[in-house]
Amino acid sequence: MIESFAPGKLYIAGEYAVVEAGYPAILVAVDRGITITLKEALDGGSITAAGSKVHWTRIDGEIVLSENNSRLSYILAAMKTIEAYAKEQGKKLGYYHLGVTSQLESEAGEKYGLGSSAAVTVATVKALCKYYGLEISKKELFKLAALANLSINKRGSAGDIAASAYGGWIYYTSFDRDWVLEEVRRKSLTQLLNTPWPNLSIRALLPPKELKLMVGWTGKPASTSKLVAKVDGRKSIDRIAYEKFLYRSKRCVEKMAEAFKKKDIEQIQKQIHVNRKLLVDLEKDLSVAIETPLLTRLYDIALKYDGYAKSSGAGGGDCGIAIFKDDKYLPQVIEEWEKAGIRHLPVNPYYG
Ligand code: PMV
Ligand code: MG
């Protein structure tokens, strides 16, 4: 049996701007994620997730599921991508049973917003590469998972995939998606893995030792794709405001990355504050709900105890993050968050 794990993630800064090619974000992988188990099968495979089982087979070389299931779309996309790559590498395709276990949902099955789609894609790519004996680097893992993801979601920055594939804290700039989508039609996967992707960069960041990351969950799942589509549709309403936002977000993330290098927590906190303000302004300029009232509470409470906080990812619910200089007031923060209806998620950075 093969087992693979991929961590979930949190956005620290740079959300929305990172969707544009070359714009940066900072993310961190967390010690909760998705585990995929793979067992070889003789004839016809299955996928078991959240207690339900779907069978699959190949018809004229195409993987076909026994029932249409949108929840499995990222797994299916990863299977198709890796099988195409395995074929290019001269491997013989087999059948297998996949099992999915997730730590990225609450007991009631609601997503926390910790990047479950990215983690399930990365974990499936890892498991299938092991199964087919394909040795891949972290960069190749990222590219294969990003390609699988791109076949479903054409608007995402794939920052979540970079965090899940690399682990730790990362500085990420998103690749030119139009270029990749064009090249996919012309090049083999092997060629695409061996070609640099315009604007893509992924770099590890080391946080100051004392830095304390806190995560609060609003209990309200948000749809990233809907929020990103809204921003995309409305950015032309005030093009200048949007361009300013992009410019400022980039400057803020660059300063934050520099502060990681210098181990300067106060500067990291300051830039969290700047980024939060940029997102709040973007929300006003484009009338999109990013910082919900509960996320504002999360921010206010953190600030009272010298923590700097903001929504994480697309916002609209999901999680907020806060950064503290030490752990002196964390019990008070947790208590006040809980009173306000914000659940503290005890997650830590994952270095794998
Ligand atoms: O809400 P999340 O954690 O899925 O993050 C979305 C971040 C965006 O920048 C808004 C979109 C993206 O694809 O990067
Ligand atoms: Mg989210």
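Read on for an overview of the structure. All values reported here derive from a predicted model rather than from experimental measurement.

### As for the sheet that holds strand β10 (residues 308-311)
The strand order across the open sheet formed by four strands is β10-β11-β9-β12, and the pairing between neighbours is antiparallel. Across the chains shown, the open sheet's two edge strands, defined by having one partner strand only, are β10 and β12 (343-344). Where strand β9 (residues 212-217) lies against strand β11 (residues 319-324), six bridges are found, and the strand directions are antiparallel. Residue pairing across strands places M214 opposite A322, the latter belonging to β11. Of the strands in this sheet, β9, β10 and β11 are in contact with helix α10 (residues 293-304), which crosses β11 at around 10°. Seen against the sheet, helix α11 (residues 330-340) touches β9, β11 and β12 and runs at an angle of roughly 10° to β9.

### Comments concerning the site of ligand 1
Around ligand 1 sit K9, Y11, E15, Y16, V18, V19, G156, S157, T224, V228, G313 and A314, and those are all the residues in its vicinity. Within the contact set of ligand 1, an oxygen atom lies 2.8 Å away from a side-chain nitrogen or oxygen of K9. In the model, an oxygen atom of ligand 1 is placed 2.5 Å from a nitrogen or oxygen of the S157 side chain. Burial of ligand 1 by the surrounding chains reaches 91%, relative to a free accessible area of 380 Å². Taken atom by atom, the bulk of ligand 1 overlaps the largest pocket. Taken together, the residues of the shell around ligand 1 sort by class into six nonpolar, four polar and two charged.

### Quick word on the state of the cysteines
Per the counting criterion, the structure on display carries zero disulfides. Summary of cysteine pairing: C252 is not part of a disulfide, and the nearest cysteine sulfur, belonging to C319, is at 20 Å.

### Here we look at the layout of surface pockets
If you add up the space inside the largest pocket, you get close to 1200 Å³. K111, G115, S116, S117 and A118 are the residues nearest the centre of the largest pocket, which is lined by 49 residues in total. Put simply, the parts of the chain that give the lining of the largest pocket at least two residues each are β1 (2-13), α1 (73-88), β6 (95-102), α2 (116-131), α4 (159-166) and α7 (224-234). Top contributing element to the lining of the largest pocket by residue count: α7, with five residues. If you add up the space inside the second largest pocket, you get close to 380 Å³. What lines the second largest pocket is a set of 18 residues, among which A77, K80, T81, A84 and L189 lie closest to the centre. No other element matches the six residues that α1 contributes to the lining of the second largest pocket.

Rules of the game
- Residues numbered from 1 in each chain as written.
- Chains lettered and ligands numbered in written order.
- Predicted model: local features only at pLDDT ≥ 70, side-chain atom pairs only at ≥ 80, totals over all residues.
- Heavy atoms only, no water.
- Pairing = 2+ DSSP bridges.
- Helix = DSSP H or I, 4+ residues; strand = E, 2+ residues; numbered from the N terminus.
- Contact = heavy atoms within 4.5 Å.
- Axes fitted to C-alpha atoms, helices over the stretch in contact; angles between N-to-C directions.
- Near = heavy atom within 4 Å.
- Polar contact = N/O pair within 3.5 Å; in protein donor to acceptor, adjacent residues only side chain to side chain.
- Areas by Shrake-Rupley, 256 points an atom, 1.4 Å probe, with all protein chains shown as cover.
- 1 Å grid on protein atoms, 1.4 Å probe; cavity = no way out; pocket = protein on both sides within 12 Å on 5 of 7 lines; lining within 4 Å.
- Sits in = over half its atoms within 2 Å of the grid points.
- Nonpolar A, V, L, I, M, F, W, Y, C, P; charged D, E, K, R; others polar.
- Disulfide = S-S within 2.5 Å.
- Points joined across faces, edges and corners; volume = space filled by probe spheres on them.

So, to be careful, I would describe these as geometric facts and stop short of saying anything about function.
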